[in-house]
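# Overview (structure and organization)
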Amino acid sequence: MTESFRTDAVSRRTFVTGLGAGALLLGLPHSSHPNSPTASTTTLRGNHFDLSIGYRQVNLTGRERQALTINGSLPGPILRWREGETVTLNVHNQLPDKSSLHWHGVRVPSDMDGEPGLSFSGIQPRKIFRYRFPVRQSGTYWYHSQSGFQQQRGLIGAIVIDPISPEPFSYERDYVVVLSDWSDESPQTIYTHLKKDPDYYNRQQRTATDLWREVRTKGVARTWRDRHQWNWKQLSDRNISQVTGETYTYLINGHTPDTNWTALFKPGERVRLRLINAASMTLFDLRIPGLKMKVVAADGQNVEPTSVDEIRIGNGETYDVIVEPESELAYSIFAQSMDRSGYARGTLTSDIRLSAEIPAMDHRPVLTLQDLGLARKAEETNTHFKTAQTAHTEKHSDLPDATEGGWFYGNLAAAGLGSNSPIIHQPSESSFRVDHRALTPGNGIADPGVGLRHHKHRYNRRVLTYSDLRSSKPTQDQREPQRELQLHLTGNYERYLWSINGEKFRDASPFLFRHQERLRITLVNDTTLPQPMHLHGFWSELETGDGEYLPRKHTVIAQPGSSISYLVSADTYGRWALHSQMLYQRPGMYREVRIV
């Protein structure tokens, strides 16, 4: 059954706001561009679906380019399932190359996960692959190709799973907001540029003028001290993003900032926004000036509501927020890239004729010693840097026993408190593949991230952190972790080589988890870039300090130079993937996980 994309968001109340609003209600694209990729975006409901992967000419920048689409649209249709039902999806690959669709965050049997090379061989050209699995959860998720760089070219879409039981919050309208990054360059060209010069798209590098300005402000001695660590390690504090607005156009539901995706409301209504970061290489900082966002779900799972002004959404993450516009005004949904080289924007308005002011972008962030993994030095100037991990360490002097491969046993910290294991770098990290190792990484659970750490003081905005998330339901698996796996996210920036524990995927052995064991995974990010890491097939239960109500996520940002830990219940046999969601880093920063 096929429905209009926009009718999915129709209010339970009746309203008429003119021809433009009528177009929205009829599912017509707000953009007048003849090649608007969202022209045929639809919502598909039911439990049997036919999806077709193919080509389509689009024009997002003034130049026609060939995109990959699903049922002819970019993003692909919204798939609306119902918890408790079994869904069947017949995916027809009309491309001359293999393709695939992965159901990001949806717990499925291993052979339905859509990971080429692990769970299946991929969908052959001109062939149909049938996915069939029971839906055992509810919430907001998304799907995308896991084959090569096809995600960058448009193979993305949203999944909404309606719950069996009533949700613990109410709203009158419901919109899906898919964030993505589009380039007129081919993904292969982008990757080639990065391999030749990782700073190819970076126009924010330090200059002699910056140095002179710092000397005038701070003096020679302090400038020398601040610069010493960076110069010694031959790293730049301006490497915020690798692929930027220099080539990217940032989209909301396939609309550029100029074509301005628009959603309607009536004053007093509660509007649910299902935020999905389906971008290939972009972390977004999203806010709606003039409105508080009440976060009610993270990665599809309900959390105790918390109100914030801004959210950093890592690649692959989803957040559900509820906003309550009370006035007949227009509001900007403003999502700026982490490096401030561009933005996506849409409009939430009570009248299609109204437009909202586009906010100015925030200051450009600069990396700090904290991002180099020198947390102790950062703590000297940041008295708020206190975590459950450090609190635990202060009370318990006995450390877990370390064994080969990054495994720890023995006196592990209690579930929820986070890792108390010492940071141990593996011998495999001592190679040309690793240009930096975090020596004293702090716990990143309460860190809003690069460029957001002083937003309260600078802009009077409250930014969501992982430590704000508390599941709305008690933790299902209350067992203590039986062992811990410490993984180091590593790379050599100048050579554009990425790895886990200094080993690239094809040279590394799979991680073996015992079926039904409860274990802790600790990610130590030795790079100076945030790494959104996705574990297929299982929940990653974030250790936020409260083991009774651990928030469940499928994608976790490991902040640069920091560590973060989560618990996993290995309850499903099979071969699974653990990898970075940064598309061009994924080939190296990737590991297989086997449940045996």
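Scroll up to find the structure this text is about.
Quantities reported herein were computed from a predicted structural model and do not represent experimental measurements. (Residues numbered from 1 in each chain as written. Predicted model: local features only at pLDDT ≥ 70, side-chain atom pairs only at ≥ 80, totals over all residues. Heavy atoms only, no water.)

### Quick word on the packing of helix H3 (residues 208–218) against helix H4 (residues 220–233)
The angle between the axes and the distance between the axes are what describe a pair of packed helices. Our working definition: Every angle, taken between N-to-C directions, lies between 0 and 180 degrees, and every axis is a line fitted to C-alpha atoms, over only the stretch in contact when it is a helix. Each helix corresponds to a stretch of at least 4 residues labelled H or I by DSSP, and each strand to a stretch of at least 2 residues labelled E; elements are numbered beginning at the N terminus. Oblique is the label for any angle not covered by the other classes, which are roughly parallel (under 35 degrees), roughly antiparallel (over 145) and roughly perpendicular (65 to 115). Whether two residues touch is decided by their heavy atoms; if any such pair falls within 4.5 Å, the residues are in contact. Any residue that is not Ala, Val, Leu, Ile, Met, Phe, Trp, Tyr, Cys, Pro, Asp, Glu, Lys or Arg is counted as polar, Gly included; the first ten are nonpolar and the last four charged.
It is at 7 Å that the axes of H3 and H4 come closest, and there the two elements cross at 125°. Classified by the interaxial angle, the pair formed by H3 and H4 is oblique. From H3, Leu211, Glu214, Val215 and Lys218 reach across to H4, where they touch Val220, Arg222, Thr223, Asp226 and Arg227. Looking at the contact of H3 with H4 residue by residue, the classes come out as three nonpolar, one polar and five charged.

### Examining the pattern of salt bridges
Our working definition: When a carboxyl oxygen of Asp or Glu lies within 4 Å of a side-chain nitrogen of Lys or Arg, that pair is called a salt bridge. For every residue, the accessible area (1.4 Å probe, protein chains only) is compared with the maximum for its type, and the residue is labelled buried under 20%, exposed over 50%, or partly exposed between those bounds.
Counted according to the given criterion, the structure contains 45 salt bridges. Across the pair Arg238 and Asp237 runs a salt bridge whose closest N-O atoms are separated by 3.6 Å. The pair Arg238 / Asp237 is uniform in exposure class, with both members buried. In this structure, Asp362 engages Arg461 in a salt bridge whose closest nitrogen and oxygen atoms are separated by 2.8 Å. Taken together, the residues Asp362 in the loop between strand E21 (343–349) and helix H5 (375–379) and Arg461 in the loop between helix H7 (455–459) and strand E25 (483–492) connect sequence positions 99 residues apart. For Arg461, a relative accessible area of 12% corresponds to the buried category. Taken together, the shared-partner salt bridges connect Arg206, Asp210, Arg213, Glu214, Lys218, Arg222, Asp226, Arg227, Asp237 and Arg238 into one network.

### A closer look at the pairing of strand E28 (residues 518–525)
Note the following rule: Strand pairing requires that DSSP identify at least two bridges connecting the strands.
Of all eight residues making up E28, eight are buried, and the element is well covered by its neighbours. Burial along E28 is two-sided: the face carrying Arg518, Arg520, Thr522 and Val524 and the face carrying Leu519, Ile521, Leu523 and Asn525 are both buried. Judged from the seven bridges that link them, E25 and E28 form a sheet pairing that is parallel. Paired with Glu484 across the strands is Arg520, a residue of E28. As judged from the seven bridges shared by E28 and strand E33 (residues 562–569), these two strands associate in the antiparallel manner. Bridging across to E33, Thr522 finds its partner in Ser565.

### A look at the sheet that holds strand E3 (residues 48–59)
Taken in spatial order, the four strands line up as E4-E3-E6-E8 in an open sheet, and their pairing is mixed. Because the sheet does not close on itself, it has two edges, and the strands there are strand E4 (64–70) and strand E8 (128–134). Averaged over all neighbouring strand pairs, the angle between strand axes comes to 20°, with direction disregarded. Sheet analysis places strand E6 (residues 86–93) next to E8, joined by seven bridges and oriented antiparallel. Each residue of the ladder has a partner; that of Val87, found in E8, is Phe133.

### Quick notes on unusual backbone geometry
The omega torsion of the bond from Leu74 to Pro75 falls at -5°, within 30 degrees of zero and hence cis. Counting through the fold element by element, Pro75 comes out in the loop between E4 and strand E5 (78–82). A positive phi angle is found at Asn260, which is not glycine, with a value near 55°. By secondary structure assignment, the location of Asn260 is in the loop between strand E12 (248–252) and strand E13 (261–264). Asn260 gets classed as buried once you look at its relative accessible area, which sits at 10%. In the Ramachandran plot, Arg340 falls in the positive-phi region, its phi being about 65° despite a non-glycine side chain. Within the element layout of this structure, Arg340 appears in the loop between strand E20 (330–337) and E21.

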